[in-house]
Amino acid sequence: MFDWLEYGPAYTAAMVDNAVTLADQLERLGLPVFRTAHGATGTYQFALDMSASGGGHAAALRLREANVLTCAIGLPHDEGAGMRFGTPEITRLGMTRDHMPELAELIALGLGPERTARTEAAARASAMRRRFDTVHFVRS
């Protein structure tokens with residue numbers, strides 16, 4: 001609780017900034033970011049519409065092979081279409097908007113149909129994760 005009292009506003013702003021930036025980067029790479037009338041997100045999470053690619057669960061399993069964890073969710077037009085991304089943990093580990101293009105590339109690579117691409121994405125994701133070994137937005 002003390003962490004939230006001290007860092008809550010900054011942590012929240014950083015999570016939202018990461019989510020907005022990551023959604024924008026994924027869209028630039030041609031991935032189907034789910035949008036409402038209010039945009040892709042205004043919070044720490046957003047979704048991809050994977051209805052044309054076998055659904056959210058199948059896509060989440062492909063990303064799991066690529067060492068990227070996410071989960072399937074329903075979307076208004078299709079209960080199994082969505083795949084949810086949240087930014088709390090990557091933000092606490094120190095990732096910023098500047099890291100989102102690299103992460104978006106890993107996600108796009110991991111969603112590809114080729115197992116070799118997912119293997120490459122897994123190695124790159126593990127290497128990226130090793131660069132972030134300090135937890136942020138916590139009291140010492």
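In case you missed it, the structure is sitting above this.
Since the structure is predicted, the reported quantities are computational estimates derived from the model, not experimental observations.

1. Thoughts on the overall build of the protein chain
- A tally of regular secondary structure across the protein chain gives five helices and three strands.
- A globule of 140 residues ought to have a C-alpha radius of gyration of about 14 Å, and the protein chain, at 15 Å, matches this closely.
- If one aligns the C-alpha atoms of the protein chain with their principal axes, the spans along those axes are about 45 × 35 × 25 Å.
- Here the protein chain holds 140 residues, and 41% of them are scored as buried.
- Taking the intrachain contacts of the protein chain between residues at least 6 apart in sequence as the baseline, contacts between residues at least 24 apart amount to 65%.
- For the protein chain, the separation between the mean place of its 14 positive charges and that of its 16 negative charges on side chains is 4 Å.

2. Focus: the nonpolar core
- Membership of the largest hydrophobic core comes to 28 residues, with the highest contact counts inside it found for L22, L26, F46, L48, M83, I107 and L111.
- At the level of secondary structure, the elements contributing two or more residues to this core comprise α1 (2-28), β1 (45-49), α2 (56-65), β3 (78-86), α4 (100-110) and α5 (115-130).
- The element contributing the most residues to this core is α4, with five residues.
- Apart from residues lying up to four places away in sequence, I107 is in contact with L22, L26, L31, L63, V68 and F85.

3. Quick look at the side chain of R118
- Locating R118 in the fold gives a position in helix α5.
- A relative accessible area of 6% means that R118 is categorised as buried.
- From its side chain, R118 meets the backbone oxygen of G112 in a polar contact 2.8 Å long.
- Discounting chain neighbours no more than four positions away, the residues touching R118 are R62, E65, A66, L109, G110, G112 and P113.

4. Points about the environment of I107
- Inspection of the secondary structure assignment puts I107 in helix α4.
- Along the chain, I107 and F85 lie 22 residues apart, while their C-alpha atoms are 11 Å from each other.

5. Here's the deal with the pattern of salt bridges
- For the structure shown, the criterion picks out nine salt bridges.
- For E27, the salt bridge identified is with R35, shortest N-O distance 2.8 Å.
- Looking at E27, the relative accessible area reads 31%, which means it is partly exposed.
- Its relative accessible area of 39% is what places R35 among the partly exposed residues.
- Residue R131 pairs with E102 through a salt bridge whose shortest N-O separation is 2.8 Å. Highlighted residues: R131 in the segment after α5 and E102 in helix α4, separated in sequence by 29 residues.

Analysis parameters
- Residues numbered from 1 in each chain as written.
- Predicted model: local features only at pLDDT ≥ 70, side-chain atom pairs only at ≥ 80, totals over all residues.
- Heavy atoms only, no water.
- Helix = DSSP H or I, 4+ residues; strand = E, 2+ residues; numbered from the N terminus.
- Rg over C-alpha atoms; globule rule 2.2 N^0.38 Å.
- Buried < 20%, exposed > 50% of the residue type's maximum accessible area, 1.4 Å probe, protein only.
- Contact = heavy atoms within 4.5 Å.
- Lys, Arg positive; Asp, Glu negative; His and termini not counted.
- Charge placed at Lys NZ, Arg CZ, Asp CG, Glu CD.
- Core = buried A, V, L, I, M, F, W, Y, C linked by side-chain atoms within 4.5 Å.
- Polar contact = N/O pair within 3.5 Å; in protein donor to acceptor, adjacent residues only side chain to side chain.
- Salt bridge = Lys/Arg side-chain N within 4 Å of Asp/Glu carboxyl O.

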